[in-house]
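Tertiary structure, described
Each chain is listed here by its residues.
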Amino acid sequence: MVWLSNNTSVGTNVTNVTSWYKAGYFEEAVMSRFLRWTLLSLILLFGVVGNGMVCLVAYRNRRMRSFSYILITNLAVADLLSAVVGIPVYILNNYEETWTLGLVLCKLIKPSFPLFNIVVTNSLVAIACERFRGLVFPLSVKPGTTKTRLILVLLWLIAFLFALPSFWAMDIKTWEGYDVKQCREIFHKGKAELNLLYSKVYATFLFLMNNLFPMLIILFLYIKITATLKQISLLPVAMRMLRRSSSDASTPGVTPRQSWNLTNANQAASNRRQVMEKKFLRMLMVVVLVFVVFYVPYQIFFLVIEYHPHIIDQHSPHSIYYLTLYLYLLMWAPVALNPICYGSMNERYKKAFKALVRCSKEKEFKGIRRKLSSLQTFLSPASPVPKYKKSVV
């Protein structure tokens with residue numbers, strides 16, 4: 001809950017803040033609104049095209065259906081749905097300055113935003129766990145098709161359960177004295193104190209489960225993965241020496257030359273795998289960094305406002321207003337940036353994207369040739385025109 005002057009409260013959604021300022025304080029500058037809508041349109045365009053290509057690549061290419069790539073595809077699906085559902089509704093609501101889509105869509109659309117965001121966070125954690133399993137425990141069995149499907153269902157089910165209170169509490173609020181309707185969470189319609197308390201509890205719960213705890217888990221796993229890739233053991237020195245001595249023991253029935261060739265082959269394969277893992281890990285770390293830089297500040301800002309609403313009265317409401325709008329804008333940036341990270345930092349995605357674009361161009365060219373051929377046939381005379389061979393000099 002965000003409290004502004006005159007002890008008037010508005011919901012934490014940025015569209016509610018926009019509606020309040022439109023009705024009671026001032027309008028956003030025309031250039032600022034044009035800039036925001038242009039950037040949101042570009043984010044929507046790149047998000048739909050980029051994440052759509054990620055999904056299409058996974059559908060058409062069997063090499064992109066390993067467990068890690070399936071989790072990335074799941075993340076892309078959540079980003080795609082978030083962009084398609086969220087950005088047009090936000091632009092419409094921002095333009096109308098009131099909720100015009102009714103109660104049913106209010107209860108379905110608004111809670112879907114945290115649902116998709118939680119799926120993104122769950123996917124990032126699942127990817128980190130998968131890389132940790134593959135590197136630290138390389139002999140463990142990879143998830144099969146059935147287990148992969150169960151994990152995906154579990155990721156979405158957890159996200160739905162976390163967003164369920166928002167589905168239940170979402171309602172339309174009408175402000176007295178203003179022709180403004182807002183779709184917002186109302187946990188208790190009787191007492192404002194209880195509604196504020198429940199709102200604080202739910203906001204804190206979402207911040208912990210969707211931001212703090214997942215980022216701590218990912219940080220720990222990536223530190224362990226990085227240590228493994230650098231061949232730094234976190235075990236005591238005595239256990240490290242014991243493991244090295246046992247691995248150096250000669251294998252019975254193998255000649256020294258065969259042992260030397262086998263060791264070199266294993267070492268070369270291990271080096272190639274480490275290079276691939278480092279590149280893949282670098283891409284994932286950039287994706288996590290994009291999430292932290294662009295998405296988390298929005299959540300921290302409104303969590304602070306939940307517990308310290310007097311901050312708005314102590315600072316310029318004009319500044320808080322613009323800070324709110326642009327933090328919300330930055331929150332959508334990962335939707336467009338994630339596919340760019342995949343295509344620029346992963347060789348498989350880069351080749352698959354190029355092949356997809358090349359294939360679409362070839363199909364378009366063939367379609368144009370087919371249309372020209374049919375047009376030429378239609379315009380040609382009934383009798384065939386004789387063709388003359390060129391004389392060879």
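Everything numeric in this text was worked out from a predicted model, so none of it was measured.

With the rule as written, the count across this model stands at three salt bridges. When the shortest N-O distance is used, the salt bridge between E130 and R133 registers 2.9 Å. Remark: R133 and E130 occur in helix α5 (residues 112-136); sequence separation between them is three residues, near one turn of the helix. We note that E130, like R133, is buried. A salt bridge links K189 to D171; the shortest N-O distance between them is 2.9 Å. Here K189 is found in the loop between β4 (181-185) and α7 (192-229), whereas its partner D171 is found in strand β3 (residues 170-174), with 18 residues between them in sequence.

All chains considered together, the criterion is met by 18 aromatic pairs. Measuring from ring centre to ring centre gives 5.8 Å for F160 and F167, while their planes differ by 45°; the resulting arrangement is tilted. In this structure F167 comes out as buried when scored by relative accessible area, which is 19%. The rings of Y90, F113, Y298, F301, F302, Y328 and W332 are connected pair by pair, giving a single aromatic cluster. Positioned over the ring face of F280 is R131, at 4.5 Å from the centre of the ring.

Next up on the list: the state of the cysteines. Summed over all chains, the structure comprises one disulfide. With its sulfur 1.9 Å from that of its partner, C106 forms a disulfide with C183. Disulfide C106-C183: the torsion about the S-S bond is 90°, which places it as right-handed. In this pair, C106 sits in helix α4 (residues 102-109) while C183 sits in strand β4, placing the two residues 77 residues apart along the sequence. The same class applies to C106 and to C183, which are both buried.

On the surface, a nonpolar cluster with roughly 600 Å² of combined accessible area is contributed by L35, L39, L42, L45, F46, V49 and I340. Broken down by element, the residue count for the nonpolar patch peaks at six residues, all from helix α2 (residues 30-60). With respect to the helices and strands, the residue L39 is situated in helix α2.

Interaxial distance between helix α10 (residues 296-307) and helix α12 (residues 317-331) falls to 8 Å at its minimum, and their mutual angle equals 145°. Note on packing geometry: the crossing formed by α10 with α12 is left-handed. Residue-level contacts link P297, Y298, Q299, F301 and F302 of α10 to I320, L323, T324, L327, Y328 and M331 of α12. Considered class by class, the residues forming the contact of α10 with α12 number nine nonpolar, two polar and no charged.

The next point concerns the environment of P214. Inspection of the secondary structure puts P214 in helix α7. Relative accessible area serves as the criterion here: at 5%, P214 is assigned to the buried category. Spatially, the C-alpha atom of P214 lies 8.3 Å from that of L124, the residues being 90 residues apart in sequence. Setting aside chain neighbours within four positions, we find P214 in contact with T121, V125, L208 and M209.

Counting 81 residues, the largest nonpolar core has I72, L124, I218, Y222, W332, Y342 and Y349 as its most contacted members. Setting aside its immediate chain neighbours within four residues, I72 contacts I127, F280, M283, L284, Y342 and Y349.

Considering the arrangement of structural elements, one finds N117 in helix α5. Exposure remark for N117: the relative accessible area of 15% places this residue in the buried category. Within polar-contact distance, the side chain of N117 engages the side chain of Y295 at 3.2 Å. The contact partners of N117, leaving out residues within four places of it in the chain, are S82, N210 and Y295.

Thresholds applied
Residues numbered from 1 in each chain as written. Predicted model: local features only at pLDDT ≥ 70, side-chain atom pairs only at ≥ 80, totals over all residues. Heavy atoms only, no water. Salt bridge = Lys/Arg side-chain N within 4 Å of Asp/Glu carboxyl O. Helix = DSSP H or I, 4+ residues; strand = E, 2+ residues; numbered from the N terminus. Buried < 20%, exposed > 50% of the residue type's maximum accessible area, 1.4 Å probe, protein only. Phe/Tyr/Trp six-rings, centres within 6.5 Å; stacked < 30°, edge-to-face > 60°. Lys NZ or Arg CZ within 6 Å of the ring centre and 35° of its normal. Disulfide = S-S within 2.5 Å. Patch = residues over 30% accessible without salt bridge, like charges linked within 9 Å, V, L, I, M, F, W, Y side chains within 5 Å. Areas by Shrake-Rupley, 256 points an atom, 1.4 Å probe, with all protein chains shown as cover. Axes fitted to C-alpha atoms, helices over the stretch in contact; angles between N-to-C directions. Left-handed = near helix turned anticlockwise from the far one by under 90°. Contact = heavy atoms within 4.5 Å. Nonpolar A, V, L, I, M, F, W, Y, C, P; charged D, E, K, R; others polar. Core = buried A, V, L, I, M, F, W, Y, C linked by side-chain atoms within 4.5 Å. Polar contact = N/O pair within 3.5 Å; in protein donor to acceptor, adjacent residues only side chain to side chain.

By themselves, these figures tell us nothing about what the structure is for.
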